Amino acid sequence: MDVPGVVLEARARAARAGFRLSSDDEVGQLLAALAGEVPEGGRVLELGTGVGVGLAWMVSALVAAGRDDVEIVSVESDPAVAALVVAVDWPPFVRLVEGDVLDVLEDLGTFDLVFADAQGGKWEGLDRTIAVLRPGGVLVVDDMRPLSSWSDGQRSKKEMVRRTLLRHPDLDAIELDLGTGVIMSTRH
Ligand SMILES: C[S@@+](CC[C@H](N)C(=O)[O-])C[C@H]1O[C@@H](n2cnc3c(N)ncnc32)[C@H](O)[C@@H]1O
């Protein structure tokens, strides 16, 4: 798959800023595929905008499909990082929120696709994130493949995320050997 221009711009922004936490291309392509399939009038939520690489993948899929009926809301708590993304000329269907996910989550409504990519709403408050998923909605988390560099604390938090998703009574969840390790869950 070609990497869309808006993603290349986001990667360049990350390089300039020395931001090393952006999504990898495999996760980006998964997000693009899922965003393109959000139902008409649907809503997408990203927790942790970073410098906008994952957001760029989702935006590029919707623009390529000629869709402007979907709203993407993306939340970032670091003001310096958020400022880099606000400066980008995103399509009008993108809404950027600066704040801590744990302070704003319930004010944002419900969603057909959620990419939980911040500590808030993933390591902490995962149940609150699951609660904003609409029936049939899809939740994506990445960075789930264990690394030898993880601390014991990181390992136990990730294992908690994994167990919560795979055993949740409202979710059908699957582990995907993709990018940094993905768990994709659908809410019944
Ligand atoms: C892994 S990066 C996001 C990468 C981005 N989603 C992408 O696809 O390129 C995580 C981001 O979440 C932000 N973050 C961490 N805790 C947060 C919280 N509680 N609320 C909002 N953003 C948070 C960090 O500042 C960081 O920019």
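Bear in mind the structure is a predicted one, so any value in this text is a computation, not a measurement. (Residues numbered from 1 in each chain as written. Predicted model: local features only at pLDDT ≥ 70, side-chain atom pairs only at ≥ 80, totals over all residues. Heavy atoms only, no water.)

1. Thoughts on the nonpolar core
And then number 1: Judged by nonpolar contacts, the single largest core of 33 residues is most densely connected at Ile72, Trp90, Leu113 and Val140.
And then number 2: Breaking this core down by element, the ones donating at least two residues are helix 1 (5-17), helix 2 (25-36), helix 3 (53-64), helix 4 (79-86), strand 4 (111-116) and strand 5 (133-141).
And then number 3: With eight residues, helix 3 is the largest single contributor of residues to this core.
And then number 4: Not counting chain neighbours up to four residues away, the residues in contact with Val140 comprise Leu30, Leu31, Leu34, Leu113, Val114, Phe115, Ala116, Val182, Ile183 and Met184. (Core = buried A, V, L, I, M, F, W, Y, C linked by side-chain atoms within 4.5 Å. Buried < 20%, exposed > 50% of the residue type's maximum accessible area, 1.4 Å probe, protein only. Helix = DSSP H or I, 4+ residues; strand = E, 2+ residues; numbered from the N terminus. Contact = heavy atoms within 4.5 Å.)

2. With respect to the site of the ligand
And then number 1: In the neighbourhood of the ligand, 21 residues make up the surrounding shell, with Ser23, Gly48, Glu76, Val101 and Asp117 lying closest.
And then number 2: Within the backbone of Ser77, a nitrogen or oxygen atom sits 3.1 Å from a nitrogen atom of the ligand.
And then number 3: In this structure, Asp100 approaches the ligand through a side-chain N or O atom, which is 3.0 Å from a nitrogen atom.
And then number 4: Burial of the ligand by the surrounding chains reaches 88%, relative to a free accessible area of 610 Å². (Near = heavy atom within 4 Å. Polar contact = N/O pair within 3.5 Å; in protein donor to acceptor, adjacent residues only side chain to side chain. Areas by Shrake-Rupley, 256 points an atom, 1.4 Å probe, with all protein chains shown as cover.)

3. Notes on the sheet that holds strand 3 (residues 94-98)
And then number 1: Judged by pairing direction, the sheet is mixed, and its seven strands sit side by side in the order 3-2-1-4-5-7-6 without closing on themselves. The open sheet has two edge strands with one neighbour each: strand 3 and strand 6 (171-176). Across the sheet, the axes of successive neighbouring strands diverge by a mean angle of 15°, strand direction being ignored.
And then number 2: In this sheet, strand 5 lies alongside strand 4 in parallel orientation, the contact comprising four bridges. Of the residues in strand 5, the one forming a bridge with Phe115 is Val140.
And then number 3: Here helix 4 sits on the sheet and contacts strand 2 (71-76) and strand 3; the angle it forms with strand 3, its principal contact strand, is near 160°. (Pairing = 2+ DSSP bridges. Axes fitted to C-alpha atoms, helices over the stretch in contact; angles between N-to-C directions.)

4. Digging into the side chain of Glu76
And then number 1: Here Glu76 shows up in strand 2.
And then number 2: Among buried Asp, Glu, Lys and Arg side chains, Glu76 stands out as unpaired, with Arg13 the closest opposite charge at 11 Å.
And then number 3: Here Thr49 takes part through its backbone nitrogen, which lies 3.3 Å from a polar atom of the side chain of Glu76.
And then number 4: A polar contact of 2.9 Å, which involves the side chain of Glu76, links it to the backbone nitrogen of Gly50. (Lys, Arg positive; Asp, Glu negative; His and termini not counted. Salt bridge = Lys/Arg side-chain N within 4 Å of Asp/Glu carboxyl O.)

5. As for the pattern of salt bridges
And then number 1: Applying the stated rule across the entire model yields ten salt bridges.
And then number 2: Across the pair Asp69 and Arg67 runs a salt bridge, and its minimum N-O distance is 2.8 Å.
And then number 3: Residue Arg67 is classed as buried on the basis of its relative accessible area of 16%.
And then number 4: We note a salt bridge from Asp170 to Arg187, for which the minimum N-O separation is 3.7 Å. Taken as a pair, Asp170 in the loop between helix 7 (152-167) and strand 6 and Arg187 in strand 7 (residues 182-187) lie far apart in primary sequence, 17 residues in all.
And then number 5: Here Asp170 falls in the partly exposed class, since its relative accessible area comes to 29%.
And then number 6: Sharing partners across several salt bridges, the network here consists of Glu159, Arg162, Arg163 and Glu175.

6. Observations concerning unusual backbone geometry
And then number 1: Positioned with a positive phi, Asp143 is a non-glycine residue whose angle comes to about 60°.
And then number 2: Within the element layout of this structure, Asp143 appears in the loop between strand 5 and helix 7.
And then number 3: What makes Asp143 partly exposed here is its relative accessible area of 30%.

Don't take any of this as a statement about function, it's just geometry.
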